[in-house]
Amino acid sequence: MYLNQEVKKEIFAKYGKSNTDTGSPESQIALFSHRISHLTEHLKLNKKDYSTEHSLVRLVGKRRHLLDYLKAKDIERYRAIIKDLGIRK
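Residue indices follow the written sequence of each chain, beginning from 1 at its first position. A pLDDT threshold of at least 70 governs which residues receive local features in this predicted model, and a stricter bar of 80 or more applies before side-chain atom pairs are shown or counted, although totals over entire chains, interfaces and linings include all residues. Values shown for side chains rest on all heavy atoms present in the structure; no hydrogens or waters enter the calculation.

### A word on the overall build of the chain
Turning to step 1, where the next piece is worked out: Counting secondary structure elements, the chain contains four helices and zero strands.
Turning to step 2, where the next piece is worked out: Each principal axis of the C-alpha distribution contributes one length, and for the chain these read about 40 × 30 × 20 Å.
Turning to step 3, where the next piece is worked out: With 89 residues in all, the chain has 33% of them scored as buried.
Turning to step 4, where the next piece is worked out: Any two residues whose heavy atoms approach within 4.5 Å at even a single point are treated as in contact. Intrachain contacts of the chain at a sequence separation of at least 6 include 48% that bridge at least 24 residues.
Turning to step 5, where the next piece is worked out: About 6400 Å² of surface is accessible on the chain, with carbon and sulfur atoms providing 53% of the total.
Turning to step 6, where the next piece is worked out: When the 19 positive and 11 negative side-chain charges of the chain are each reduced to one mean point, those points stand 4 Å apart. Helical segments are the DSSP runs of H or I of at least four residues, strand segments are the runs of E of at least two, and each set is numbered from the N terminus. When a residue's accessible area, from a 1.4 Å probe over protein chains only, is under 20% of the maximum for its type it is buried; when over 50% it is exposed; and in between it is partly exposed. The Shrake-Rupley method, run with a 1.4 Å probe sphere, supplies the accessible areas, and residue values consider only the shown protein chains as cover. Charge counting treats Lys and Arg as positive and Asp and Glu as negative, with His and both chain ends excluded. Charge positions come from single atoms, namely NZ of Lys, CZ of Arg, CG of Asp or CD of Glu.

Here it is as structure tokens:
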């Protein structure tokens, strides 16, 4: 499994305030980015998997919404997270 409890704790510890900080926008954006990269690799091999493609588009939309929220709330945190994750503006 690509996303088990250890991986989630590692992501939340790095981008959130603690291991159990699952609600901050930074930790959610990092988790979505991890899932997006995994689904992108899957779709490179399975081009006709349309349900996964639909899920990927929804995840990208959710991440974009969180990034827009973070940009409006605190621009410095927004700049830090996109620089750290390598997300295009």
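From this point, things continue past the structure.
### A look at the nonpolar core
For soluble globular proteins, nonpolar side chains are generally found buried alongside one another.
Turning to step 1, where the next piece is worked out: In terms of nonpolar packing, the biggest core is built from 20 residues, with I29, L67, I81 and I82 touching the most fellow members.
Turning to step 2, where the next piece is worked out: Where this core is concerned, the elements lending two or more residues are α1 (5–15), α2 (25–45), α3 (50–73) and α4 (75–85).
Turning to step 3, where the next piece is worked out: In terms of residue count, the dominant contributor to this core is α2 (seven residues).
Turning to step 4, where the next piece is worked out: When residues no more than four places from it in sequence are discounted, the contact partners of I81 are Y15, E26, I29, L67 and L70. We define a nonpolar core as any set of buried Ala, Val, Leu, Ile, Met, Phe, Trp, Tyr and Cys residues linked to one another through side-chain atoms lying within 4.5 Å.

### With respect to α1
Turning to step 1, where the next piece is worked out: For α1, every residue scored as buried is listed here: I11, F12 and Y15. The buried side chains of α1 occupy one side of the element, clustering within an arc of 95° when seen end-on. Along α1, the residues that are exposed and aim more than 90 degrees away from the buried face are Q5, E6, E10 and K14.
Turning to step 2, where the next piece is worked out: The inward-facing, buried residues of α1 abut α2 and α4. The directions from the helix axis to the C-beta atoms form the arc being described.

### Things to note about α3
Turning to step 1, where the next piece is worked out: If you check α3, its first and last C-alpha atoms are 35 Å apart, about what 24 residues at 1.5 Å a residue would give, namely 34 Å.
Turning to step 2, where the next piece is worked out: When we look at burial in α3, the residues that qualify are T52, L56, L59, R63, L66, L67 and L70.
Turning to step 3, where the next piece is worked out: Where α3 is buried, its residues touch α2 and α4. By definition here, a helix of n residues has an expected span of 1.5 Å times n minus one.

Don't take any of this as a statement about function, it's just geometry.
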